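Residue strings, one per chain:
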Amino acid sequence: KAALYENLDEHTRITFKDVAGLDEAKAEVMEVVDFLKDPKKYTKLGGKLPKGVLLVGPPGTGKTLLAKAVAGEADVPFFSLSGSDFVEMFVGVGAARVRDLFKQAKEKAPCIIFIDEIDAVGRSRGKGAMMGANDERENTLNQLLVEMDGFATDKGVILMAATNRPDVLDSALLRPGRFDRQIMVDKPDLKGRIDIFTVHTKKLSLSPDVNLKALASQTPGFAGAEIANAANEAALLASRQNKLTIEMKDFEDAIERVIAGLEKRNKVIN
Ligand code: ATP
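Nothing here was measured: the structure is a model prediction, and the numbers come from that model.

Calculation criteria
Residues numbered from 1 in each chain as written. Predicted model: local features only at pLDDT ≥ 70, side-chain atom pairs only at ≥ 80, totals over all residues. Heavy atoms only, no water. Helix = DSSP H or I, 4+ residues; strand = E, 2+ residues; numbered from the N terminus. Buried < 20%, exposed > 50% of the residue type's maximum accessible area, 1.4 Å probe, protein only. Contact = heavy atoms within 4.5 Å. Near = heavy atom within 4 Å. Polar contact = N/O pair within 3.5 Å; in protein donor to acceptor, adjacent residues only side chain to side chain. Nonpolar A, V, L, I, M, F, W, Y, C, P; charged D, E, K, R; others polar. Salt bridge = Lys/Arg side-chain N within 4 Å of Asp/Glu carboxyl O. pLDDT = per-residue confidence, 0-100. Axes fitted to C-alpha atoms, helices over the stretch in contact; angles between N-to-C directions. Parallel < 35°, antiparallel > 145°, perpendicular 65-115°, else oblique. Left-handed = near helix turned anticlockwise from the far one by under 90°.

So, on to the overall build of the protein. From N to C terminus, the protein includes 10 helices and 6 strands. Residues counted as buried form 47% of the 270 residues belonging to the protein. Put simply, of all contacts in the protein between residues at least 6 apart along the chain, 79% involve residues at least 24 apart.

Structural data, given as structure tokens:
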């Protein structure tokens with residue numbers, strides 16, 4: 001798999017209105033959007049912008065979505081890569097791919113480079129698993145650090161990365177001039193869940209009995225991904241029964257299913 005390059009067009013473009021809740025996180029990344037729209041305005045006076053923004057939070061809370069929305073709002077290309085892609089890689093391939101990614105990105109600047117699950121490649125060096133695999137991971141991480149140091153933000157490339165394990169990251173990644181800015185992307189509160197249900201039911205045919213606030217109260221602990229999943233599942237349940245609209249009962253059944261799925265997953269982990 002080559003580095004994934006997406007130039008999201010009008011139809012697939014994601015913007016802040018697709019990201020529900022997360023008001024603080026949105027406000028924080030707004031600066032990055034402004035910068036990408038007009039890099040010169042920010043560097044004229046000699047100031048330095050952050051090179052890297054680390055999005056920290058549990059799985060499914062919208063980190064990838066937020067990064068894509070930054071690219072969408074600024075209308076710039078979005079390059080992405082997942083740290084887990086590097087896990088089983090032949091010697092030299094990881095570092096080469098990182099080099100290639102930065103080269104491509106610099107050609108398309110201003111743009112965003114997004115690295116999902118950065119902890120998979122960015123765990124602190126010299127600890128953990130067997131030598132072989134670890135060496136290769138370290139090569140990849142070293143290459144990433146080299147690339148981060150080797151470009152000036154005034155070229156308009158901003159790095160964003162996501163993790164749910166900031167504690168295991170190599171401290172070299174968090175130094176000034178690297179990922180020196182962290183933004184929390186937490187699970188939604190009640191209001192956040194109402195907003196996320198609203199976004200994910202906008203295109204669905206809802207029966208008048210559907211009460212999104214009640215659904216939000218029934219889903220404490222759900223991340224955005226689980227809410228999106230429940231909304232889709234409700235639509236499928238209603239379709240299967242040849243209903244013309246999706247009813248409250250369908251949502252409640254769908255929520256049950258999502259909860260059962262989460263419990264199963266937790267059992268496997270524990
Ligand atoms: P992971 O750490 O598992 O990669 P993530 O934090 O990057 O997760 P996303 O991949 O952005 O999460 O979220 C998955 C999907 O869940 C999104 O594509 C979207 O449909 C939905 N979703 C998550 N959070 C939100 C949100 N705040 N607003 C709207 N939709 C959301």
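Here we come to the site of the ligand. Around the ligand lies a shell of 17 residues, among which Ala20, Gly60, Lys63, Thr64 and His200 are the nearest. Between an oxygen atom of the ligand and a main-chain N or O atom of Thr61, the distance comes to 3.1 Å. Here an oxygen atom of the ligand sits 2.9 Å away from a polar atom, N or O, in the main chain of Leu65. At the level of elements, helix H3 (63-74), helix H7 (190-201) and helix H9 (224-240) are the ones that each hand at least two residues to the shell around the ligand. Among the residues making up the shell around the ligand, the classes are represented as 8 nonpolar, 6 polar and 3 charged.

This next bit is on the pattern of salt bridges. The tally for this structure, following the rule as stated, stands at 10 salt bridges. Residue Glu31 pairs with Arg181 through a salt bridge whose shortest N-O separation is 2.7 Å. Here Glu31 is found in helix H1 (residues 23-37), whereas its partner Arg181 is found in strand E6 (residues 181-184), with 150 residues between them in sequence. On the accessibility criterion, Glu31 (31% relative accessible area) is partly exposed. When salt bridges that share partners are traced, they join Lys243, Glu247 and Asp250 into one network.

Close inspection of predicted coordinates is inappropriate in any region flagged by low pLDDT. Across the protein, the average pLDDT comes to 87, with 89% of residues at or above 70. The least confident element of the protein, judged by mean pLDDT, is strand E1 (residues 4-6) at 56; the most confident is helix H8 (residues 212-217) at 98. Interface confidence in the predicted complex, given as ipTM, is 0.96; pTM for the same model is 0.90.

With their axes 9 Å apart at the nearest point, H7 and H9 run at an angle of 40° to one another. Considered as vectors, H7 and H9 are oriented oblique to each other. The way H7 lies across H9 gives a crossing that is right-handed. Touching Arg193, Ile196, Phe197, His200 and Thr201 of H7 are Gly224, Ile227, Ala228 and Ala231, all from H9. For the contact of H7 with H9, the residue count by class is 5 nonpolar, 3 polar and 1 charged.

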